[in-house]
Amino acid sequence: MPDFGPARHLPAHEYVRERWHNGAGWTRRILRLPAEGNWDLSLSIADIEGAAAYSSLPGVEREQVLLSGDGLRLEFADGGQATLLPPHQRLRFAGDRAVTGIPLDGPPVRAFNAMWRPDVLEVDLLHRPLVGGMFCFCDAATAWAVYLLGGRARVDADGVEFDLETGDSAWLAAPARQRFLLDGAGEALLLRVRRAGAAAAAQ
């Protein structure tokens, strides 16, 4: 099972630029768990400047969110199609489903990618406005990731305190139950990350 590790600030200027797995494009890595070897969770931002085939990732579930650009058309090899339009449309699909991403007319597209192994983790992605404060509850089986789409926010918990600017991220995790306050104004992507089967066990 993955080690969630400590809560931490993930500022945009520290994202690591690297090639896609298939070499067809570039991405900026936000977080990878574990950091070395085969990952169970990967969060990144892809720059899509022209039509590009996505990497095939068997055993992986992925969700893609449009961050900027006029839109992105996803053409699947099985004949399926989907179009992600501004401001932040998103789509979840299997990582081994062959697909090509095609930016619509206008500037290059930037997209947020959440990818995980569903036999290890369960991930729920939420798009939420920030108007004041909200709480994220973590424990040994549950962590949260935050990507700040716009505005400013502050993360505050016992022993953890830092500010988020637009484009920054945060990883909220704790070995025992802990409440994190996310306080600010703007909008964010929130990802609840749970060990597979944790929800059923809690019931």
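These figures come from a predicted structure and were not determined experimentally. Per-chain numbering applies: the sequence of each chain, read as written, is numbered from 1 onward. Side-chain atom pairs in this predicted model are given and counted only at pLDDT of 80 or more, local residue features only at pLDDT of at least 70, and totals for whole chains, interfaces and linings cover all residues. To get the side-chain values, take all heavy atoms of the structure and skip hydrogens and water.

Caption draft 1: A look at the sheet that holds strand S4 (residues 41-48). The sheet built from six strands is open, its strands ordered S2-S3-S4-S11-S6-S9 with antiparallel pairing. Bordering the open sheet on either side are strand S2 (16-19) and strand S9 (90-94), each of which pairs with just one other strand. The mean inter-strand angle of the sheet, taken between neighbouring strand axes irrespective of direction, is 30°. When DSSP finds two or more bridges between two strands, those strands count as paired. Each helix is a run of DSSP H or I of at least 4 residues and each strand a run of E of at least 2, with the numbering of both proceeding from the N terminus. Relative to strand S3 (residues 26-33), S2 runs antiparallel, the two sharing four bridges. Residue pairing across strands places Arg-17 opposite Arg-28, the latter belonging to S3. The axes used here are C-alpha line fits, helices contributing only the stretch in contact, and every angle between their N-to-C directions lies in the interval 0 to 180 degrees.

Caption draft 2: Layout of the layout of surface pockets. Estimates place the volume of the largest pocket at around 460 Å³. The rule is simple: put a 1 Å grid over the protein atoms alone, call a set of points where a 1.4 Å probe fits but cannot get out a cavity, call an open set with protein on both sides within 12 Å along at least five of seven lines a pocket, and count a residue as lining if it has an atom within 4 Å of a point. Lining the largest pocket are 25 residues, with His-21, Trp-39, Ser-55, Leu-57 and Met-115 sitting closest to its centre. At the level of secondary structure, the elements contributing two or more residues to the lining of the largest pocket comprise S2, S3, S4, strand S6 (61-68) and strand S11 (109-116). Think of it as three bins: nonpolar holds Ala, Val, Leu, Ile, Met, Phe, Trp, Tyr, Cys and Pro, charged holds Asp, Glu, Lys and Arg, and polar takes everything else, Gly as well. Among the residues forming the lining of the largest pocket, the class breakdown is nine nonpolar, ten polar and six charged. Grid points are joined across faces, edges and corners, and a volume is the space filled by probe spheres set on the points. Reported here for the second largest pocket is a volume of approximately 160 Å³. Listing elements by their share of the lining of the second largest pocket, those giving two or more residues are strand S1 (8-10) and S3. It is S3 that contributes the most residues to the lining of the second largest pocket, four residues altogether. Broken down by class, the residue content of the lining of the second largest pocket amounts to seven nonpolar, no polar and four charged.

Caption draft 3: Layout of the pattern of salt bridges. The term salt bridge refers to a side-chain nitrogen of Lys or Arg lying within 4 Å of a carboxyl oxygen of Asp or Glu. In total, this model carries 13 salt bridges according to the counting rule given. Put simply, Glu-63 and Arg-92 hold a salt bridge, and the shortest N to O gap is 2.9 Å. Of this pair, Glu-63 sits in strand S6 while Arg-92 sits in strand S9; the two residues are 29 residues apart in sequence, bridging distant segments of the chain. Between Asp-124 and Arg-194 there is a salt bridge whose closest N-O contact spans 3.5 Å. Here Asp-124, found in strand S12 (residues 121-138), pairs with Arg-194, found in strand S16 (residues 178-195); they are 70 residues apart in sequence, far enough to count as distant. Each of Glu-122, Asp-124, Arg-192 and Arg-194 takes part in one network of salt bridges that share partners.

Caption draft 4: Examining the sheet that holds strand S7 (residues 72-76) more closely. One open sheet holds the four strands; their spatial order is S5-S10-S7-S8, and the pairing between them is antiparallel. This sheet does not close on itself; its edge strands, each paired only once, are strand S5 (52-53) and strand S8 (81-84). Summarising the sheet, S5 and strand S10 (residues 99-103) pair through two bridges and their orientation is antiparallel. Among the inter-strand pairings, Ala-53 is bridged to a residue of S10, identified as Thr-100.

Caption draft 5: How the structure looks around the nonpolar core. Only buried residues count toward a nonpolar core. Its members are Ala, Val, Leu, Ile, Met, Phe, Trp, Tyr and Cys residues joined through side-chain atoms within 4.5 Å. A 1.4 Å probe rolled over the protein chains alone gives each residue an accessible area, and that area as a share of the maximum for its type sets the label: buried under 20%, exposed over 50%, partly exposed in between. The biggest cluster of nonpolar side chains holds 27 residues, and the ones touching the most others in it are Ile-30, Leu-41, Leu-43, Phe-112, Tyr-147 and Trp-171. At the level of secondary structure, the elements contributing two or more residues to this core comprise S3, S4, S6, S11, S12, strand S13 (142-157) and S16. With four residues, the top contributor of residues to this core is S13. Residue contacts are defined here by distance: any two heavy atoms, one from each residue, within 4.5 Å place the two residues in contact. Non-local contacts of Tyr-147, meaning those with residues more than four positions away in its chain, are made with Tyr-15, Ile-30, Ile-45, Leu-67, Phe-112, Gly-167, Asp-168, Ser-169, Ala-188 and Leu-189. The next biggest cluster of nonpolar side chains, apart from the first, holds 20 residues, and it includes Ala-7, Cys-138, Phe-162 and Leu-164.

Caption draft 6: Molecular detail of the side chain of Arg-62. Within the secondary structure, Arg-62 sits in strand S6. His is not counted, nor are the chain ends, whereas Lys and Arg count as positive and Asp and Glu as negative. Notably, Arg-62 is buried but unbridged: the nearest opposite-charge side chain belongs to Glu-61, and the N-O separation is 9.4 Å. A polar contact of 3.5 Å, which involves the side chain of Arg-62, links it to the side chain of Asn-113. Residues within four places of Arg-62 in sequence aside, it is in contact with Tyr-54, Ser-55, Leu-57, Leu-91, Arg-92, Phe-93, Gly-95, Asn-113, Ala-114, Met-115 and Trp-116. For this analysis, a polar contact is any N or O atom pair within 3.5 Å, provided that within protein one partner can donate a hydrogen and the other can accept it, and provided that sequence-adjacent residues contribute only side-chain to side-chain pairs.

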